[in-house]
Amino acid sequence: MAHSMNVQSSYQLARERYAAVGVDVDHAIERLKKIAISLHCWQGDDVGGFEGGDGELGSGLAVTGNYPGRARSPEELRSDLEMAYSLIPGDHRLNLHACYGEFDGPVDRNEIGVEHFQGWIDWGKSQAVSLDFNPTFFSHPKADDGFTLSAADAGIRQFWIEHGIASRKIAAAMGKAQGNACVNNFWIPDGFKDTPASRKNPRTRLADSLDKIFSDSMNPAETLESVECKLFGIGSESYVVGSHEFYMGYAISRQKLLCLDAGHFHPTEGIADKISSVLMYVPELLLHVSRGVRWDSDHVVTYSDELQAIMQEIVRGDFLGRVHIGLDFFDASINRVAAWVIGTRNAVKAMLAALLEPTERLQQFELEGNYTARLAMMEELKSMPFGAVWDQYCEMTDTPVGMDWLAKVEQYELDVLSKR
Ligand code: RNT
Ligand code: ZN
């Protein structure tokens, strides 16, 4: 690679600079290699799935843009994912939604089974990509009234309970096949556009439905289960049944994982600060790293202060073993493979920056009450030669350095995406 000499020499200089502030760069890279980010399948096809429906999204979710080349089949989605993984340093996971199964004909959500995901399991094995899972409680006629697990109608609730139970079996089979736990995340869209007369009743029904879904215990080595709260959605502006307080209490009392989505809180509220609080009471966390612009817009993750703060909190709190990092954005206005690559490279990059902090030194300053030194060092770290370490990480993992990845995506667009 043409860069190689420069990358190497810059890296050596960077290593010395970091060593001078007490950071072992090689150790940071070793730690980074083990951190898998779960790429979300739904960036590749605008949350469409493969059930052969009308592709209407609904349930408060919205994808904007009409960039050409959306994946229309599992084969196309896998091909796009393989392209994306080849451009992201490290070994990462795939987060699948239930509506992405491979169905030979109409199979309703309460009838899905492992057989519909065997293709994904086999593909995951062949690519050394472990899978995570999500039941899909949206884009379905039985979700059109805005309620699923908390619906007043017992028949609707029962249908979605069956879907939840079916999803658990699939997630466990995935975990068993891959030899590590598949994180199965429950998000439902339920809520009211306008002021409810009872906020209590749907929540009572939701807790009851979840308890029915989770009544059989599962092997945590095969599957871990998380619940995801939300503040509001389009069409559920006045009330969301699964609010933060609801799921926080649910996750603590049932010892489930809590999923914190970066777009699911008040726009000025970050999720970084919540990590150490929540982990006092729940065993593990799932993150949906996303970027809301003015609302839960699910923009591609950029190298923002919020992203850096999330990764810093995970590292500073020594939570790497208890936090599962997933992505959740969908942008149809740019090349979708590039969206994955940009968002995931940023997440990995921010993790590297967090691992390159002299955490102990900073915490020692704090213990001593030396807030001056704490601030001075935090600011100094921002201009350390972090980019040189990142380039070296890309090179040593055989992924493109700098912007070189973009040419590969452009070529792929020319050869593959533009022909769809
Ligand atoms: C919706 C949630 C949820 C979805 C995915 C598709 O607001 O963030 O995680 O984005 O399940
Ligand atoms: Zn989410």
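Structure: see above.
Here is what the cut-offs are and how they apply
- Residues numbered from 1 in each chain as written.
- Chains lettered and ligands numbered in written order.
- Predicted model: local features only at pLDDT ≥ 70, side-chain atom pairs only at ≥ 80, totals over all residues.
- Heavy atoms only, no water.
- Near = heavy atom within 4 Å.
- Polar contact = N/O pair within 3.5 Å; in protein donor to acceptor, adjacent residues only side chain to side chain.
- Areas by Shrake-Rupley, 256 points an atom, 1.4 Å probe, with all protein chains shown as cover.
- Salt bridge = Lys/Arg side-chain N within 4 Å of Asp/Glu carboxyl O.
- Helix = DSSP H or I, 4+ residues; strand = E, 2+ residues; numbered from the N terminus.
- Buried < 20%, exposed > 50% of the residue type's maximum accessible area, 1.4 Å probe, protein only.
- Expected span 1.5 Å × (residues − 1).
- Arc of directions from axis to C-beta.
- Contact = heavy atoms within 4.5 Å.
- Donors = N, O, S within 2.8 Å, 3.2 Å for Na, K, Ca; no water.
- Tetrahedral: all angles 85-135°; square planar, octahedral: opposite > 155°, others 65-115°.
- Core = buried A, V, L, I, M, F, W, Y, C linked by side-chain atoms within 4.5 Å.
- Pairing = 2+ DSSP bridges.

Engineer: When you look at the site of ligand 1 in this model, what are you seeing that I'm missing?
Structural biologist: Around ligand 1 there are 13 residues in total, and His97, Glu228, Lys230, Asp261 and Asp328 lie nearest to it. At 2.9 Å from an oxygen atom of ligand 1 is found a side-chain nitrogen or oxygen belonging to histidine 264. At 2.8 Å from an oxygen atom of ligand 1 is found a side-chain nitrogen or oxygen belonging to aspartate 328. Protein chains shield 100% of the accessible area of ligand 1, which is 310 Å² for the free molecule.

Engineer: What's the story with the pattern of salt bridges in this structure? I'm lost.
Structural biologist: For side chains of opposite charge, pairing can occur when their charged atoms come near one another. Scanning all chains against the criterion turns up 18 salt bridges. With a closest N to O distance of 2.5 Å, arginine 168 and glutamate 225 form a salt bridge. Of this pair, arginine 168 sits in helix H5 (residues 154-178) while glutamate 225 sits in strand S6 (residues 223-228), and the two are 57 residues apart along the sequence. Pair check on accessibility: arginine 168 and glutamate 225 agree, each one buried. Owing to a relative accessible area of 5%, glutamate 225 belongs among the buried residues under this scheme. Shared partners join several salt bridges into a network, and the residues in it are Arg72, Glu76, Asp80 and Arg420.

Engineer: Just checking my understanding: could you explain helix H14 (residues 404-415) for this structure?
Structural biologist: Each full turn of the α-helix corresponds to 3.6 residues, which orients residues three or four apart in the same direction. For H14, spanning 12 residues, the distance from its first C-alpha to its last is 17 Å, which sits close to the expected 16 Å at 1.5 Å a residue. Three or more residues of H14 are buried, namely Trp405, Val409 and Tyr412. Seen end-on, H14 carries its buried residues on one side only, within an arc spanning 60 degrees. Contacts made by the buried residues of H14 are with helix H3 (74-86) and helix H10 (336-355).

Engineer: Would you explain the coordination of the zinc ion (ligand 2) in this entry?
Structural biologist: Tetrahedral coordination by four donors places them ideally at 109.5 degrees to one another around the metal; octahedral coordination by six donors ideally gives 90 or 180 degrees. Only Glu228 (OE), Asp261 (OD), His288 (ND1) and Asp328 (OD) from the protein coordinate the zinc ion (ligand 2), and they sit 2.1 to 2.2 Å from it. Angles of 71 to 167 degrees at the metal separate the six donor atoms of the zinc ion (ligand 2), which places the site in the octahedral class. Going along the chain, you hit the donors of the zinc ion (ligand 2) in the pattern E-x32-D-x26-H-x39-D. In this pair, aspartate 261 sits in strand S8 (residues 257-261) while histidine 288 sits in strand S9 (residues 285-289), placing the two residues 27 residues apart along the sequence. With respect to class, aspartate 261 is no different from histidine 288; both count as buried.

Engineer: Which parts of the structure should I look at to understand unusual backbone geometry?
Structural biologist: Most peptide bonds take the trans configuration, and most residues that are not glycine carry a negative phi. With a phi angle near 50 degrees, serine 139 is a residue other than glycine that sits in the positive phi range. Even without glycine at this site, aspartate 318 takes up a positive phi of about 60 degrees. Structurally, aspartate 318 can be placed in the loop between helix H9 (305-316) and strand S10 (323-327). Residue class for aspartate 318 comes out exposed when judged on its relative accessible area of 61%.

Engineer: I tried to follow the side chain of arginine 93 on my own but got confused; where do I start?
Structural biologist: Summarising the element assignment, arginine 93 is placed in strand S2 (residues 93-97). Under the relative-accessibility criterion, arginine 93 is labelled buried at 14%. A polar atom in the side chain of arginine 93 sits 2.9 Å from the side chain of aspartate 132.

Engineer: Teacher, can you tell me more about the nonpolar core here?
Structural biologist: Across soluble globular proteins, nonpolar side chains show a tendency to be buried alongside one another. Among the nonpolar cores identified, the biggest contains 129 residues, and Leu94, Trp120, Tyr247, Leu285, Leu287, Met311 and Ile314 are the most heavily contacted of them. Sorting elements by how many residues they give to this core places H10 first, with 12 residues. What leucine 94 contacts, discounting residues up to four positions off in sequence, is Ser38, Leu39, His40, Cys41, Leu81, Tyr85, Trp120, Trp123, Val129, Ser130, Leu131 and Asp132. Counting residues in each nonpolar core, the second largest holds six residues, with Leu224, Leu257, Cys259 and Leu286 among its members.

Engineer: Can you walk me through the pairing of strand S1 (residues 37-40) in this structure?
Structural biologist: Side-chain direction in a regular strand flips from residue to residue, so the side chains alternate between the two faces of the sheet. Covered by surrounding structure in S1 are Ile37 and Leu39 together with Ser38 and His40, the residues of both alternating faces. As paired strands, S1 and S2 are joined by three bridges and run parallel to one another. For serine 38, the partnering residue across the bridge sits in S2 and is arginine 93.

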